[in-house]
Amino acid sequence: MPQAPAPPAPAQEQDLTRTYVLVVVVEAIVLAGLYWLGRYFG
Amino acid sequence: MRWLDWAVVVVYLTWIVWSGLRSSRRTNEMDGYFRANRSLPWWAVGLSVMATQLSAITLVGTTGQAYANGMRFVQFYFGLPLAMIILSLTVVPFFYRSGVYTAYEYLERRFDVKTRSLAAVIFLAQRGLSCGVIIAAPAIILSIVLGWNIVLTILAIGVPTIAYTMVGGVQAVTWTDVKQMAVVLFAMSAAIAVLIFGLPHDVSVGSALHVAGAVGRLTAIDTSFNLKTNYTIWSGLIGGLFLSLSYFGCDQSQVQRYLTAKSVGSARHSLLMSAFVKIPLQAGILIAGVLTFAFFLFNKNPMLFNPVHERTVLASARAADYRALEAQYDQKFTAREAAARALANAQGLDHASPEYGQARDGFVKAQADVSAVRAAAVGIVKDVTHDSTYTDVNYVFPTFILSYMPIGLVGLMIAAIISAAMSASSGELNALATATVMDFYRRHINPKGPDSAYLRFSKFATAGWGIFACCVAFYAANLGSLIEVVNKFGSLFYGSMLGVFILAIGTKSANGHGAFAGLLVGLATVFAFTFLPATQDVGYLWHNLIGAVVCVVVGLIVSALTGGNPSNQSSETHRFTRT
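Every value quoted in this text rests on a predicted model; they were computed, and no experiment measured them. (Residues numbered from 1 in each chain as written. Chains lettered and ligands numbered in written order. Predicted model: local features only at pLDDT ≥ 70, side-chain atom pairs only at ≥ 80, totals over all residues. Heavy atoms only, no water.)

**Student:** Quick rundown of the overall build of chain A? Include the residues and the values.
**Tutor:** Check the secondary structure of chain A and you find one helix and zero strands. A buried classification covers 21% of the 42 residues belonging to chain A. In the form shown here, chain A has an accessible surface area of approximately 3500 Å², with 66% of it arising from carbon and sulfur atoms. (Helix = DSSP H or I, 4+ residues; strand = E, 2+ residues; numbered from the N terminus. Buried < 20%, exposed > 50% of the residue type's maximum accessible area, 1.4 Å probe, protein only. Areas by Shrake-Rupley, 256 points an atom, 1.4 Å probe, with all protein chains shown as cover.)

Right, here's the structure in full:
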């Protein structure tokens with residue numbers, strides 16, 4: 001006897017932890033790049 | 001401007017108004033008009049968030065700052081990415097799920113009507129004035145460099161903006177913001193290309209940057225901890241964090257942007273877009289200013305960039321002094337050009353060698369000589385006009401555009417400056433109308449009216465605020481330097497407004513009396529810091545931290561003295577929505 005399909009799970013919110021970490025990493029890289037810009041061309 | 005440039009500007013204005021009116025859907029309902037039925041994609045909301053913040057004065061003022069002082073202004077944005085993370089975790093899901101139309105609506109649910117009304121009044125006063133300044137600043141610059149009539153220039157920016165914002169509501173604002181950001185980015189890319197191709201054939205971009213760097217134009221980060229310096233890495237990271245938390249978390253002109261997103265996730269992504277893009281974008285605009293500095297080392301620019309003040313001086317008793325300075329300037333400019341070329345051509349040498357050091361010292365001295373002559377000319381202008389705050393940095397980039405950009409691209413750049421003014425002011429007009437309707441008309445005058453009454457009133461409110469902004473712009477245009485004062489006036493409120501939302505969302509024991517008192521005392525403290533002689537030198541980014549801390553501390557003390565929170569912390573209205 002075919003089984004009835006399971007009810008859809010409630011919509012889960014996307015976990016953005018990795019995106020937040022990426023924001024911090026990108027900011028650190030951008031700040032380091034800006035610091036290097038001043039040192040290299042200054 | 002030639003006919004093709006005029007055609008570009010007219011086509012741009014027609015296209016923006018037409019597309020703004022056309023992109024509105026179901027704006028005959030409150031939710032459609034104020035929140036776009038929560039249907040907009042994250043990238044459109046994200047671009048709208050950025051467009052609302054990027055005004056015309058950001059384009060011409062930032063490039064001018066980089067020309068005159070280098071890239072230090074970029075530090076202003078260092079707290080923004082961290083603020084976006086904090087807001088994504090806290091305020092965004094909170095506002096989105098609470099179903100509010102305005103940020104201040106929530107303050108009544110959590111505290112009382114007086115706190116809501118005070119916060120809304122502060123927002124309306126601050127943003128109403130700021131909207132006028134946003135329109136006035138580019139109008140003044142365009143009218144001076146192009147000789148346009150100031151009243152017509154203000155109307156050319158203000159009337160189309162009022163038209164599509166009034167008819168299309170937040171949807172028209174968002175979709176025109178997307179197009180306006182595209183125009184701004186394309187035009188700035190074109191300007192950077194013209195600046196690079198305008199360098200002499202024997203001077204590479206790298207060499208030009210080395211020359212600009214020799215006089216500090218590429219120094220972006222100041223690691224010193226000095227409270228009196230406006231832009232350091234610390235004032236940017238800490239003061240800028242509090243400023244961004246307040247602006248993106250408590251200011252209706254930004255909160256309304258992400259309330260239109262499809263979901264909480266989309267709203268978060270729209271803010272995180274700025275977290276990734278904002279600093280590189282501002283750095284790019286500042287580099288355009290540094291390249292303008294390098295460009296004008298090899299291409300002659302006028303001694304002063306504001307032609308109106310130059311004419312005023314030439315018609316005064318100091319005309320002979322000014323003419324003498326102009327002769328000196330020509331001589332010093334030629335000497336500096338030779339020194340810049342010598343330094344650019346010395347880039348192949350070892351930078352520690354005496355030959356390179358000599359070329360570098362020669363250029364630094366030549367630049368100091370030119371700066372001294374310009375400073376003397378500025379002194380004459382101040383003397384003649386009795387305007388002690390006179391500066392011509394906002395005219396540097398428009399002078400480059402009009403003098404050196406090719407036909408067609410001049411029109412595109414003018415369209416970009418108008419675009420930036422329209423996108424920033426349309427978001428503000430829309431938010432001003434929403435707060436007027438929701439926080440005053442519906443709350444105090446007509447609480448049980450039909451949607452049609454609120455929609456009709458919101459269109460009147462948009463038109464009313466638009467007319468008010470244009471009137472402020474006419475007034476500001478006649479006052480000149482007061483624009484600076486009004487801009488600083490706006491920055492007085494952010495910290496205390498943030499403090500009241502921290503009390504609302506982040507504490508359980510605060511009550512309405514505490515929040516109301518905290519907001520007032522926070523504002524009074526920041527005003528005192530700004531105007532008292534002993535503290536007025538403190539960099540303004542720190543005012544955001546001071547206002548927030550004072551508001552929270554006073555709010556908690558007054559709440560404790562007045563019986564704390566009677567609703568006893570169980571209400572959904574004052575807890576973070578955890579995800």
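**Student:** Quick one: what's the story with the overall build of chain B, residue by residue and with numbers?
**Tutor:** From N to C terminus, chain B includes 23 helices and zero strands. At 25 Å, chain B has a C-alpha radius of gyration in line with the 25 Å of a compact globule built from 579 residues. Along the first, second and third principal axes, the C-alpha atoms of chain B reach 75 × 50 × 50 Å. Within chain B, contacts between residues separated by at least 24 positions form 85% of all contacts whose residues are at least 6 apart in sequence. (Rg over C-alpha atoms; globule rule 2.2 N^0.38 Å. Contact = heavy atoms within 4.5 Å.)

**Student:** Can you break down the interface of chain A and chain B residue by residue, with the values?
**Tutor:** With 19 residues of chain A at the interface, the matching set in chain B holds 32 residues. Between chain A and chain B, roughly 2100 Å² of surface is buried when both sides are summed, and carbon and sulfur atoms account for 75% of that area. The tally of links from chain A across to chain B stands at one residue pair in polar contact (both at pLDDT 80 or more). Classifying every residue of the side of chain A that touches chain B gives 13 nonpolar, four polar and two charged. (Buried area = accessible area lost by both parts, 1.4 Å probe. Polar contact = N/O pair within 3.5 Å; in protein donor to acceptor, adjacent residues only side chain to side chain. Nonpolar A, V, L, I, M, F, W, Y, C, P; charged D, E, K, R; others polar.)

**Student:** Let's hear about the nonpolar core: which residues, and what values?
**Tutor:** With 181 residues, the main nonpolar core has Leu34 of chain A together with Phe95, Phe363 and Phe400 of chain B as its most contacted residues. Broken down by element, the residue count for this core peaks at 20 residues, all from helix 13 (residues 264-298) of chain B. Both of domain 1 (3-296 + 403-490) and domain 2 (307-391) of chain B provide at least three residues apiece to this core. Non-local contacts of phenylalanine 95 of chain B, meaning those with residues more than four positions away in its chain, are made with Val100, Ala103, Tyr106, Gly249, Val255, Tyr258, Leu259 and Phe501 of chain B. Counting 14 residues, the second-largest nonpolar core is a separate cluster that includes Met303, Leu304, Val373 and Val378 of chain B. (Core = buried A, V, L, I, M, F, W, Y, C linked by side-chain atoms within 4.5 Å. Domains from an automatic or database assignment.)

**Student:** I'd like a description of the packing of aromatic side chains, backed by residues and values.
**Tutor:** Aromatic ring pairs: the centre-centre distance and the angle between the two ring planes describe each pair. All names here are of chain B. Overall, the coordinates contain 35 aromatic pairs over all chains when judged by the stated rule. For the ring pair phenylalanine 296 and tyrosine 404, a centre distance of 6.0 Å and an interplane angle of 65 degrees mean the geometry is edge-to-face. Pair noted here: phenylalanine 296 is in helix 13 and tyrosine 404 is in helix 17 (residues 396-404), with a separation of 108 residues, a long-range link. Ring plane angle 5 degrees and centroid distance 4.0 Å describe the contact between tyrosine 441 and phenylalanine 457, whose orientation is recorded as stacked. Of this pair, tyrosine 441 sits in helix 18 (residues 409-445) while phenylalanine 457 sits in helix 19 (residues 451-479), and the two are 16 residues apart along the sequence. Under the relative-accessibility criterion, tyrosine 441 is labelled buried at 14%. Every member of this aromatic cluster is reached through a ring pair, and the members are Tyr67, Phe293, Phe295, Phe296, Phe305, Phe397, Phe400 and Tyr404. If you follow arginine 35 out to its NZ or CZ, it ends over the ring of tyrosine 101, 4.0 Å from the centre. (Phe/Tyr/Trp six-rings, centres within 6.5 Å; stacked < 30°, edge-to-face > 60°. Lys NZ or Arg CZ within 6 Å of the ring centre and 35° of its normal.)

**Student:** Outline the side chain of glutamine 180 of chain B, supporting the account with residue identities and numerical values.
**Tutor:** Along the chain, the position of glutamine 180 of chain B falls in helix 9 (residues 150-197). In this structure, glutamine 180 of chain B is in contact with Tyr12, Ile16, Tyr164, Ser419, Met422 and Ser423 of chain B, ignoring residues within four places of it in sequence.

**Student:** Could you give an account of the pattern of salt bridges, with specific residues and numbers?
**Tutor:** Residues and elements named next belong to chain B. Within this structure, the stated rule accounts for 15 salt bridges over all chains. Residue arginine 116 is joined to glutamate 108 by a salt bridge in which the shortest nitrogen-to-oxygen separation is 2.7 Å. As a salt-bridge pair, aspartate 321 and arginine 318 come within 2.7 Å of each other at their nearest N and O atoms. Each member of the salt-bridge network shares a partner with another, and the members are Glu108, Arg116, Asp439 and Arg443. (Salt bridge = Lys/Arg side-chain N within 4 Å of Asp/Glu carboxyl O.)

**Student:** Residues and numbers for helix 11 (residues 233-250) of chain B, please.
**Tutor:** An α-helical segment advances 3.6 residues per turn. Residues three or four places apart therefore align on the same side. All names here are of chain B. Compared with an ideal rise of 1.5 Å per residue, which puts 18 residues at 26 Å, helix 11 spans 24 Å between its outermost C-alpha atoms and is within 8% of the ideal. Along helix 11, the helix axis deviates most sharply at glycine 240, where the bend reaches about 35 degrees. Extensive coverage of helix 11 is indicated by the burial of 15 of its 18 residues. (Expected span 1.5 Å × (residues − 1). Bend = angle between axes of the 7 residues up to and from the residue.)

**Student:** Help me get a handle on the domain arrangement of chain B, residues and values and all.
**Tutor:** The figure often quoted for interface size is the accessible area lost as the parts come together. Residue and element names in this part refer to chain B. The domains assigned to chain B are domain 1 (3-296 + 403-490) and domain 2 (307-391). Computed over C-alpha atoms only, the centres of domain 1 and domain 2 are separated by 34 Å. If you look at the interface, domain 1 gives 13 residues, while domain 2 gives 17 residues. Across the domain 1/domain 2 interface, buried area totals approximately 1300 Å², and carbon plus sulfur atoms make up 61% of it. If you look at where domain 1 meets domain 2, you find one salt bridge. For the salt bridge of aspartate 202 with arginine 341, the shortest nitrogen-to-oxygen distance reads 3.0 Å. Applying the counting rule to domain 1 against domain 2 returns two residue pairs in polar contact (both at pLDDT 80 or more). For the side of domain 1 that touches domain 2, the secondary-structure elements that each account for two or more residues are helix 10 (205-214) and helix 13. Within the side of domain 1 that touches domain 2, the residues separate by chemical class into eight nonpolar, three polar and two charged.

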